[in-house]
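Spelled out, the chains give:
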Amino acid sequence: MAFDDRFRLSAHAVIVDAAGRVLQLKANYGDFGWGLPGGALEPGETIHEALVRECREELGVDVVVHRLTGVYYHAAYASQAFIFHCALPEGAVITLGDEHSAWRYFALSELSAVQRRRVDDCLNYDGAVRSARF
């Protein structure tokens, strides 16, 4: 089967600090918005491989992957986003890649409705992978 770029798959990390705030990166492309670390799968990659690769490219560190917590369909992008609960290794120093200009931790109340839903599902994981469509 040929790779079809009309339908996209992506993997993203929910990383929180000690205060429960969520790490977001400011993009240097598109709408220049803030979003979770992660990105699109490349042909032949698993979701775990894509998550680790994207986070290494964007953060300069290998994240610790705890669990898959949700899969969300985004109609505007014809995409499925896999959301993982992750952590930074102890003592990690974030070094942004070329695609992002800044990083910071956001309180849940500062997130968009879609991001807040995905992060809430992640942080309140009860053993069941959640899904929703936006």
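Residues numbered from 1 in each chain as written. Predicted model: local features only at pLDDT ≥ 70, side-chain atom pairs only at ≥ 80, totals over all residues. Heavy atoms only, no water.

Enquirer: Even after reading the chapter, I still don't get the sheet that holds strand β7 (residues 100–106), so can you show me in this structure?
Expert: Two modes of strand pairing occur in sheets, parallel and antiparallel, and in both the strands are linked by backbone hydrogen bonds. Taking strand neighbours across the sheet as the criterion, the three strands line up as β3-β2-β7 in an open arrangement whose pairing is antiparallel. If you trace the sheet from one side to the other, it starts and ends with β3 (34–35) and β7, each paired once. Judged from the six bridges that link them, strand β2 (residues 22–27) and β7 form a sheet pairing that is antiparallel. Within β7, the position partnered with Leu-23 by the bridge is Tyr-105. (Pairing = 2+ DSSP bridges. Helix = DSSP H or I, 4+ residues; strand = E, 2+ residues; numbered from the N terminus.)

Enquirer: Just to check I follow, could you spell out the environment of Ser-109 for this structure?
Expert: Position of Ser-109 relative to the elements: it lies in the loop between β7 and α2 (113–123). Taking C-alpha positions, Ser-109 is 9.6 Å from Arg-21, a pair spaced 88 residues apart along the chain.

Enquirer: Please clarify how the packing of aromatic side chains should be interpreted in this entry.
Expert: By convention here, two paired aromatic rings are described through the distance between centres and the angle between planes. For the structure on display, the rule yields three aromatic pairs. Taking the centre distance of 5.1 Å and the plane angle of 65° together, the rings of Trp-34 and Phe-106 count as edge-to-face. Highlighted residues: Trp-34 in strand β3 and Phe-106 in strand β7, separated in sequence by 72 residues. On the basis of an interplanar angle of 85° and a centroid distance of 6.0 Å, the ring pair of Trp-103 and Tyr-105 is categorised as edge-to-face. Taking relative accessible area as the criterion, Tyr-105 reaches 16% and is therefore assigned buried. A cation over an aromatic ring shows up here: Arg-104 above the ring of Trp-34, its NZ or CZ 5.9 Å from the ring centre. (Phe/Tyr/Trp six-rings, centres within 6.5 Å; stacked < 30°, edge-to-face > 60°. Buried < 20%, exposed > 50% of the residue type's maximum accessible area, 1.4 Å probe, protein only. Lys NZ or Arg CZ within 6 Å of the ring centre and 35° of its normal.)

Enquirer: I keep staring at the environment of Cys-122 and nothing clicks. Help me out?
Expert: Within the secondary structure layout, Cys-122 lies in helix α2. Owing to a relative accessible area of 2%, Cys-122 belongs among the buried residues under this scheme. Placed 90 residues apart in sequence, Cys-122 and Phe-32 show a C-alpha to C-alpha distance of 24 Å. Ignoring sequence-local partners within four residues, the contact set of Cys-122 consists of Val-14, Thr-69, Ile-83, Phe-84 and His-85. (Contact = heavy atoms within 4.5 Å.)

Enquirer: Help me understand the pairing of strand β1 (residues 8–14) in this model?
Expert: Looking down a regular strand, the side chains alternate between one sheet face and the other. Of all seven residues in β1, five are buried; the element is thus mostly enclosed. Across seven bridges, the pairing between β1 and strand β6 (residues 79–87) is parallel. The partner of Arg-8 across the bridge, within β6, is Ser-79.

Enquirer: For this particular structure, what's the right way to read the sheet that holds strand β5 (residues 64–74)?
Expert: Sheet architecture is open: five strands sit in the order β4-β1-β6-β5-β8, paired in mixed fashion. In this open sheet, the two strands that pair with only one neighbour each are β4 (38–40) and β8 (130–133). Pairs of neighbouring strands in the sheet enclose a mean axial angle of 20°, with direction left out of account. As judged from the four bridges shared by β5 and β8, these two strands associate in the parallel manner. The residue bridging Tyr-72 from the neighbouring strand is Ala-132, located in β8. Against the sheet, helix α1 (residues 47–59) contacts β1, β4, β5 and β6, and its axis sits at roughly 120° relative to β4. Sheet strands in contact with α2 are β1, β5, β6 and β8, and its direction is about 50° off that of β6. (Axes fitted to C-alpha atoms, helices over the stretch in contact; angles between N-to-C directions.)

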